[in-house]
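Here's the letter readout for the chains.
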Amino acid sequence: MAIRIDPGTATPDPAPAATAPPRVLGIVGRSGSGKTTLIEAMLPLFAARGLRVNVVKHSHHQLTLEPPGKDSARFRAAGAQEVLVASPHGFALYRDLRDEPEPDLGAQLARLAPADLTLVEGFRQDPIPRLEVHRPAAGMPPLYPELSGLLALVSDQPVACGLPRLDLNQPAAVVAFIVDWLNHAQS
């Protein structure tokens, strides 16, 4: 059953879920701009509206889920292609790429459970709608002059850029903007 998003709640829609495309929204910005902090602040606000939200985070660093010497790390070191660690509280799937190319965003999204929204931090090269998080006081140039697909700028200061500006210190207002975007994207 598909979900029709309402500004206050998520209500069932009789259309089959297979007809609704997954909604993906990028959150981009320079390092230290507050992308992760914003996503972390928004997640409970989406949950309070009854929305299921996935997050894909791109990292340029080596991933370590368990310290060396623990079972899953030992399996990976021994040559396992993928290791899935499962418990009654959750599970994690780790795949060493070795000589394989990094999977694109589409391949990463295909691994996720269905959700009302998937927030993507990073993957700037992918043609998805996105918000830019920008802090002028950090002294780094914004991305909006060179990046397409931006719906709005999320900043802690006024910025004249020709895009709607959302207050970085008001995550509820950013969530409301995203829910409105979702509603228009579904119509």
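Please refer to the structure higher up on the page.
Residues numbered from 1 in each chain as written. Predicted model: local features only at pLDDT ≥ 70, side-chain atom pairs only at ≥ 80, totals over all residues. Heavy atoms only, no water.

Draft legend 1. Representation of the overall build of the chain in the model. Helices and strands together make up the secondary structure of the chain, namely 4 helices and 10 strands. For the chain, the N- to C-terminal ordering of α and β elements is β-β-β-α-β-α-β-β-α-β-β-β-β-α. Looking at the chain as a whole, 33% of its 187 residues are labelled buried. Taking all contacts inside the chain whose residues are at least 6 apart in sequence as the whole, residues at least 24 apart take part in 53%. (Helix = DSSP H or I, 4+ residues; strand = E, 2+ residues; numbered from the N terminus. Buried < 20%, exposed > 50% of the residue type's maximum accessible area, 1.4 Å probe, protein only. Contact = heavy atoms within 4.5 Å.)

Draft legend 2. Quick peek at helix α2 (residues 71-78). Those residues of α2 that sit buried are Ser72, Ala73 and Arg76. Each buried residue of α2 lies within a common arc of 100° when the element is viewed along its axis, so the set occupies one face. Facing away from the buried side of α2 by more than 90 degrees, the exposed set consists of Arg74, Ala77 and Ala78. Looking at the buried positions of α2, the neighbouring elements they touch are β5 (82-87) and β6 (90-95). (Arc of directions from axis to C-beta.)

Draft legend 3. Main features of unusual backbone geometry. A positive phi angle, close to 50°, is found at arginine 98, a residue other than glycine. Look at phenylalanine 123: it is not a glycine, yet its phi comes out positive at around 50°. Among the structural elements, phenylalanine 123 can be located in the loop between β7 (117-121) and β8 (130-134). Judged by relative accessible area, phenylalanine 123 falls into the buried class, the value being 7%.

Draft legend 4. Geometry of the sheet that holds strand β3 (residues 24-28). The strand order across the open sheet built from 6 strands is β4-β7-β3-β8-β9-β10, with neighbouring strands paired in parallel fashion. Where the open sheet ends on each side, the last strands, each with one partner, are β4 (53-57) and β10 (165-167). Pairwise comparison of adjacent strand axes, ignoring direction, gives a mean angle of 25° for this sheet. Summarising the sheet, β3 and β8 pair through 3 bridges and their orientation is parallel. Note that in β8 the partner of valine 28 across the bridge is glutamate 132. (Pairing = 2+ DSSP bridges. Axes fitted to C-alpha atoms, helices over the stretch in contact; angles between N-to-C directions.)

Draft legend 5. Here's a closer look at the side chain of asparagine 54. Within the element layout of this structure, asparagine 54 appears in strand β4. Its relative accessible area of 16% is what places asparagine 54 among the buried residues. When residues no more than four places from it in sequence are discounted, the contact partners of asparagine 54 are Leu112, Ala113, Pro114, Ala115, Leu117, Thr118 and Leu119.

Draft legend 6. Representation of the environment of glycine 26 within the structure. In this fold, glycine 26 is placed in strand β3. Sequence separation between glycine 26 and valine 55 is 29 residues; the distance between their C-alpha atoms is 9.7 Å. If near-sequence neighbours (up to four positions away) are discounted, glycine 26 is found in contact with Val120, Ile128, Pro129, Arg130 and Leu131.

Draft legend 7. Structural detail: the environment of tyrosine 144. One can find tyrosine 144 in the loop between β8 and β9 (150-155). Spatially, the C-alpha atoms of tyrosine 144 and glycine 162 are 9.6 Å apart, while their sequence positions differ by 18 residues. The residues touching tyrosine 144, leaving out its near neighbours within four places in the chain, are Glu132, Leu150, Leu153, Val159, Ala160, Cys161 and Leu163.

Draft legend 8. Seen up close, helix α1 (residues 35-48). Along its 14 residues, α1 runs 21 Å from first to last C-alpha, staying within 8% of the 20 Å computed at 1.5 Å per residue. Taken as a whole, α1 carries its principal kink of about 25° at methionine 42; the proline proline 44 stands between one and four residues after it. For α1, the full list of buried residues reads Lys35, Leu38, Ile39, Met42 and Phe46. For α1, the secondary structure elements touched by its buried residues are β3, β4, β7, β8, β9 and α4 (171-186). (Expected span 1.5 Å × (residues − 1). Bend = angle between axes of the 7 residues up to and from the residue.)

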